[in-house]
Each structure stands twice: as C-alpha cells, then as structure tokens.
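An overview of the molecular structure
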Amino acid sequence: MNRFVFLAVLISLRTAYSYQESLVFPVTYLSVSKDLPLQRLLVEWDVGKSAHDAELSMSFEIQVSRTEENTIVWTEFHNVTLDKSGEPLHWNWDSDLPLECMSHSVRIRSKAETSKIWSQWSLWETVLGLDASNNGGLQIFPDEKVVEEGFDITLCCIGRKGQIIKEFFLSPTAHNFSRTNSQIGLLTVKNVAHQEVPQITVYCQASCKEEEKEKCYSRTVFFVGKPPDTPNDFSCQTQDMKTVICTWSRGGDTYLYGRHSTKYTLFEEFSQNLIPCTVSCSEQCSCSWDINQQRVYNITLTVENPLRKKTAMDVFDVTHRIYPSVPFQLWEECTDTEITLYWKYRNKGFELFCQTEVLHPDGKAELHNSSGVQLQYASITLGGLQPYTEYTVRVRCGAAKHFWRWSEWSEARTIRTEEATPSGKLDIWREITPVLGGRNVTLFWKLAPSFRANGRSVSYEITWEKVEGDSKPEHISVSSVYNSTRISIDNCPYKISIVAKNNVNYSLPSVVIIPGATGTEKELSSSELKDDRVNGTDDGIFISWESRNTYDGYIIDWCNFPTSQPCDLQWKRFGPHTSSALVSSVSFVPGVRYNFHIYGSVANTASLLEKKTGYLKELPPLLDPTVEQVQLTFHAVTLSWDSYPTNESQPGFVRGYHVYVSPVQEDCNLKESKKHVLPGGSVLCKYRIENPEEKRYTVKNLMPNTKYKLVVKAYTGGGETPIVNFIYIETPFNSNVLYLLVLLVIVPLVVAALCHWKMKWVKECCCPVIPSPNKSKVLSFKQITIGSEKVLKVSDCVPDALAVDNKSEAQKLHLWSHMSSTPTEDKINVHNSSWTYPNQNGERDFASTLKPITHNWFENFAYSSHVAVQSDPYQNSEPSETSKPHLSAVLYQPQYYIDILNEDAVSAHRQSTGTKSSLRYISQTDVHCLGRRL
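Note that the structure is a prediction, hence the values are computed from the model and not measured.

The rules behind these values
- Residues numbered from 1 in each chain as written.
- Predicted model: local features only at pLDDT ≥ 70, side-chain atom pairs only at ≥ 80, totals over all residues.
- Heavy atoms only, no water.
- 1 Å grid on protein atoms, 1.4 Å probe; cavity = no way out; pocket = protein on both sides within 12 Å on 5 of 7 lines; lining within 4 Å.
- Points joined across faces, edges and corners; volume = space filled by probe spheres on them.
- Helix = DSSP H or I, 4+ residues; strand = E, 2+ residues; numbered from the N terminus.
- Nonpolar A, V, L, I, M, F, W, Y, C, P; charged D, E, K, R; others polar.
- Pairing = 2+ DSSP bridges.
- Axes fitted to C-alpha atoms, helices over the stretch in contact; angles between N-to-C directions.
- Phe/Tyr/Trp six-rings, centres within 6.5 Å; stacked < 30°, edge-to-face > 60°.
- Buried < 20%, exposed > 50% of the residue type's maximum accessible area, 1.4 Å probe, protein only.
- Lys NZ or Arg CZ within 6 Å of the ring centre and 35° of its normal.

Reported here for the largest pocket is a volume of approximately 1100 Å³. Along its surface, the largest pocket is lined by 40 residues, and Glu431, Trp558, Cys559, Cys567 and Leu569 are the ones closest to its centre. Of all elements in the fold, only β31 (426-435), β32 (438-447), β35 (484-489), α3 (517-524), β40 (553-559), β41 (569-574), β43 (593-602) and β44 (605-615) reach the threshold of two or more residues within the lining of the largest pocket. Within the lining of the largest pocket, the residues separate by chemical class into 15 nonpolar, 13 polar and 12 charged.

Let us now look at the sheet that holds strand β1 (residues 27-35). The strand order across the open sheet built from 3 strands is β1-β2-β5, with neighbouring strands paired in antiparallel fashion. Two strands close off the open sheet at either side, each with one partner strand: β1 and β5 (89-94). Direction aside, neighbouring strands of the sheet carry axes that sit 20 degrees apart on average. When β1 meets strand β2 (residues 40-47), the two strands line up antiparallel, connected through 8 bridges. Its bridge partner lying in β2, serine 31 is registered against glutamate 44.

Glancing now at the packing of aromatic side chains. Applying the stated criterion to the full structure yields 27 aromatic pairs. Pairing phenylalanine 234 with tryptophan 248 gives two aromatic rings, centres 5.9 Å apart and planes at 65 degrees, and the pair type is edge-to-face. Linking phenylalanine 234 in the loop between β15 (217-225) and β16 (235-238) with tryptophan 248 in strand β17 (residues 243-249), this pair joins segments that are 14 residues apart in sequence. Comparing phenylalanine 234 with tryptophan 248, the two get one shared label, buried. Members of the aromatic cluster, joined through ring pairs, are Trp545, Tyr551, Tyr554 and Phe574. A cation over an aromatic ring shows up here: arginine 405 above the ring of tyrosine 323, its NZ or CZ 5.8 Å from the ring centre. Directly above the aromatic system of tyrosine 599 lies the positively charged group of arginine 430, at a separation of 5.3 Å from the ring centroid.

Don't take any of this as a statement about function, it's just geometry.
Structure follows, in structure tokens:
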C-alpha cells in the first residue's frame, strides 16, 4: 500500500514539473544599440508568439557587463504584461561610464510570473567601444560635457593597442580616483564643485615613440553648472491694449555661459505657435509682442540649459491685464488749506482709477482716491491742510474695470500751501529780578502745541502797561530768531502781552501779570520756602506738590544748565487738578543738581508755592573731605574737615560721612565700629556720621604709641568713591603706663630677686635639710646595726653643735674656738669637732630626779644649720668640777662614740677621765631657730 502512495506522489510531482516547463518562454530575439549623445544603451528583445497570444505577465532579468573587465555592472528586473500585438519589448540603460570607453554586453532571461523556473540566459549581445579599435591617437571621453554641481563624472582616456596610459589628471585639481589597465585610463570625480574658472581641463598622456609624440597627448574640457530655476512671478499684461509684455524673475546663476547658457522660449498653446519675441534679462526678464485680434492667451514659458528644463504657464484675457503707464506732468493750484493737483496720462482707450499719496511734514502719509475721465488730464482736490506747510504728493493709476494692478508711482512733487493768520497762542513765562528803583523782567516764549505761525516771516511784539491808571503802553518788536527779551519796570503791577506776527496778521495775545514789588519781594523770598528734595528716575525727575483749589493751573520752571549763564530756563504747565508730574529733558544728566519752582496760576498771575531740588541720578562725591585738623591723645584721635562743601557743587546730596581707621600693620577690631572689608581682604573699622553738617569726629579705644591709617569719606545717594589714599597718625607714648609697668613688673621682679638671693638663708633657717642615716654612704657596714637600724659612724659625721652643762666649761670651749689658729698639737679646735657628748656618770640612773638647768651651745661651722638654746628637762644632780683637764680629750675624739653604745665602755671612760661634767648631743630635729649665735 505504501508503494502505491509513493508512486502516486512521484507521478503528481512529475506532472507539476512538466507543467512548469511548459510555462517557460525563452528570449527569442535580442538587439542592443547605443545613443552616444545620451550615453544610453537601447535594448530590444522578444519571446515566442505563444506568450503574446496568452497575454502572459512575465518577468525579465537583465544584466549589463563591461566586456573588457568581464564584470557585471548592472542587474535589473523588468516586469511587463504581453499583448497579442506581438510588439518587441524595450529597455534603456544610462551608463555612468562613456560608452566609447569600453564595450558593453547585455543578456536577458525570462519567466512567467506564475512560474518559479527561469529560462536559460540568452547569449551576450555586445556593443563595441573604441577600446576595440586601433585608432592612432589618444581620445578622452566625454568631450565638453556639462556636469551638474554635486554629481559625479567618470572620464576615460583610450589609446591604441599596445599603448600605456602614463598620466591622466585635471586642472584645476580636484579630488578624484583614477585607474588604468594600460590601454584605458579611467578617472572618476566625486561631488563635482564649481570652480573659479569657467571650465575644468582634462589631460591625458601615453607612452609612445619619439616620432609619434603628437599622437601621445590629448586634452578636453567639461563644465560644471546648475540647472535653471523655475520661473517665478511669470505674468503677462498690457499698458495700451497694443502690446503684451510678459515678465518673470531671472533666477540664480547657473555658472554656464555661451552656448551652454540658459535659453528661454514662449509658446502659445491655443494657436500652437512660438511667440516671436526677444528675451532681455537684467534684474527681471521680459518679452513683448504685438497684439492681433486674439484676446485670450495660454502662454508656456520654457527655461532650459544642457542640464535641465523648467516651465511656467499663464492664461489670461488681455482686457483684464491692463497695467497703466505712469502719470506725468503734475502741476497744482493752492490756497492756505487746499491743493488741487493735475496730471496727464497716455492711456486713452479705457477709464482709469487713480490714487494720490500726500506725505505730511511729520511723516504721516494719506491716500486719496479719484476716478478719472477719458480726457487729456485728470485732477484731484486735497483739503484740510495747514497753511504755509510743505506737502509731498505723487499719483498712480489703475484700470477702473477689471482692475489688474497699479501703475508705477509718478515723480514726487513738493508743494507749499499759502500763508494765513497765526493760529493759537504763544506759551510765555517770566523771571523777575529786583533792582534799584524797580525790577528787571526777563520774558520767555515758545511755540505751544496749538500754535502755528502759518507764515514765512514771523516776529514777536511785546507790549506792557500798568495794571492801574491810564499809563501809555510800551512795546518792542523782536525777531523770530530770539525766544526771550528783558524789560525794566517800576514797582507797580504790570500787564505784559506777547503776540506773533507774520505777513498776514497777528496771533492772539498771551498775557502775564507782574504783581507789585511788595508781592514780588515776598514771592522771591527763598527763606520762607524750604527746598524739598525730589528723586530722579530713569525717565526724569518726579515732582509732587500740594494741590490747591484757588488756582486754575500750575507751572514748574527749572534750568537745563544750572551752572551756566544763560541757564536755559524751561517751564511746563499743568491743569488745576494735577498734583504731581514727571519732568524730563534731554539735557538732564546724572550728577547735576536741578532746582524746581512750583507756581500756582490764576487770572494770568503766578505765585510761588514750593521749591524742589533733586538729581536725575546721584553720583558719589568728586572729592574726599580734607582733614584740616588732627588732635591726638593716648587712646583717641579727633578729626576735623570744616571746609568740606555740601552745596550744589556736589554730584549728589551729601548724606553724611564714613570714617575708616585701622592699624598700619594689622586689621582693625575696635569696639563700637563696623567691619569694612577692602577688595584686597584687609579689614577696616567703619564709623558712620549721618549728619552732613557734623564735620568733626573722635575715634576712641586706640592703643598708645601705635601707627594708624585713617580716611574720611563723604557719601551721597550715589554712594562713595573707592578708598585709595589714607592719612597716617601715631598715637603718643603714655608715661603713666611706664610708671604702672614699674610698679607692676619691675618692683615685683626686684623683690623676687632679693628673695631668691636670700632663699638659701631662709631655707636653712625655716626648713633645714635633715640628714637621713639610712641614706648615708657611711652606713655601709653590716656589722654595725642595732636591731633593724643602721648605726652611724661617729668619725664620718659632723655634729651641729656642742652643748655643755656647765657655763664655765662652755666659756672655755668658746675660748678654744678662738684659739684654733695656734699651730700646737695640744690645742683643741672647736670648729673641727663633730659631736658634743653629755656628761655620763656610771652611777647615774635615768630614773633619778630631774631638774631644769641651763645649757650653753656652740655652733658647728662645718654644718650649715643652726641649733637653738633650749631647756633640758633632764639634768645630772651631781655635776663634777674636776673634769676640765679631760674634756678636750673626750670632746675631740669622735671614735669614742662607738664605745658609748657599750655600757662597760662608758663606765671605763668615765673612770679614766675622772670628770663629773658632761657634754650632750643635740639632734637637728630637736633644734629650732630660737637662740642666739655664740
């Protein structure tokens, strides 16, 4: 069963494959040719008639190769549906390499779109290039080709068989890639750019024999340019219904000239005729031709160069494209407020609609429309103008029916209206200066916003007369070049009027009343009015005042240049309900003090109300205060700068002063001051004086005999200048400090020195050094001990003093001490004795009755301590009187001390000496400084 299934599948596959084979239609015809001007291969082929009859949809794979290199350079699939006409199929291929350079071959294979099986490739069909020829000379292709900027170009140089290409290059040089296979040289330039020169030259040289040099060198050129721009603003019109003019924008430069330059062609589609016109181009291109009976046109403009072609169209009715000619020969008729303007035009076959532009002196332009008639000229009347004022006018026109566009403007014409009576009033002001027997009044005037001179020659008439009485008026005339004058009057009230006069008439008078001298003196008294300070802003100086109901207006006056003469007095008027104003002037500069006077006005009489003073912007003082006096004490310095000005000479209101102080060698940290850090980092002490009239200051808490640096700076609302220069002082030396130093330092040092000098004596007296037997070097004998105590050898010790029970014996000892200088062997030297020994009686019992006796003591000068006399509570009741001859023997034999420790030895000694008097050792610890030295 499985075998049958396998056979069935195999049979079905074979049937399907046979069906696919039946759909294969190979190429039966192939022809290849070349179009050298276009560098294009033209391919033509066909398949069998059965495919056409079946109207199959087929796919063709086409390959192009370069025969010499044997490389496929292009593969493309071409789909087409066949028809029963049996026409052959066509395909074109543009080569980037000139077709002259190499031979090219084409082959094709096909398949039905429903099939997966391709037919066999057709045979290669070759188109020969010049590389297959044996021409005698070098040839370069392409020759004089136009290349679009930014594109690539490939050139080749072909020699005859056997020649070798040695050089192939461009001038001017460009980035390129070249290669050669001996006979053919290829050179490719990528992204070609326009050069300064109009063309690029290509050079080629090959190897050859000496006699064939002319055939071994060749050159050609190619051009780099741009395609033309599409024509913009292409339109056609007529001015006189006789000639049509078409215009369009020229476009950008193509860099191509001569026979490669841009060509223009106009073609009329309705008549299928070329327009017989010559194109001229400057900033704009135009072309014109005569109108015949045709009224409607469909014009196609073609702009082309070797790179590309661009077109534009315009369809129009000539009667709807009327563009009138420019009006000409303008003239006018004038009054003081009107101008009637006339002009001529050349368009007589149709009605025009015109527009007149009037340019005013302030730069404002007005347009006035008018409809013309078919006459020799047209006109328009312009009203509402100012007398004796220059206006500039011009005219343009358009078609009244089917308006297309305005004509060009006519030439501008400047016209002045006639003179008239001055309109409005002058704005006047006055300045009153008392003099002996009267007053000088300086009168000022300026043109108010509502005033117009309305004439060529303007002068000013000033008239003044007394308010009371029948006085004769006086008057003077002032030229127009002046805006002020001075008159003298007495102390009576006066009425002054000023009018402007031109060749026609006078203006309305401007009147000012000058009060009597009493009122004037009161008005001019500055002591009764305080100068209030005002603040400046970026736009001017802000001033406010108290509004009063009794006045119908207010006037503020000031000088633009306060320090100059004349000071250029200015004034400004305000309404009755105004209480503040921002006064501005182009003459205002920072650092200048301006004084403002505020007047109230009623019935042409002005009264001074307030005075203000201020700066547009305050600046730091120009100069630092000059310290004129310096008073020094041990701990303070007083500075004075009495002559420093605080008036209008300063570039700001002096608000006060800053005093800076610091020691020369260090930073400052004085009390009651603020720290001020300089740009360099050093610290000054800063003191502030907020009263500008206080020009004296005392800096306290200074150190005597110290150098200080100081500076005094004035400050305004604009700050102060940087600290640059200092004054230097040195506080005096304080002798009281020296006295205090002597008392507190030198005296205690002297006392301490004396104490140190006597310290040894004081120490010996109060705290003597007590020898320690256990620490003595002489207690080194282990056999001499009593219990745990070491026994001191008497021969190595020097006693402090000797104590004698009997006074007479003590006197003898004292006498012996003075005889120590006698050189005898039997003499006893008290100063060399080391110990005193008590009188010891063998029969004495320590338990016997005791009674106080007086002892005498002697100083041992070999020991530094002193012993005191004290009462001994223990006394021998039977003193011996026969012991004198033996005392010295006992006293100056220290070795007996060892025998004293033995009671037998003591008894023997006592018997041998035969004395009853005794010496007693006084310990250092039992002696105090209570006695007298012997």
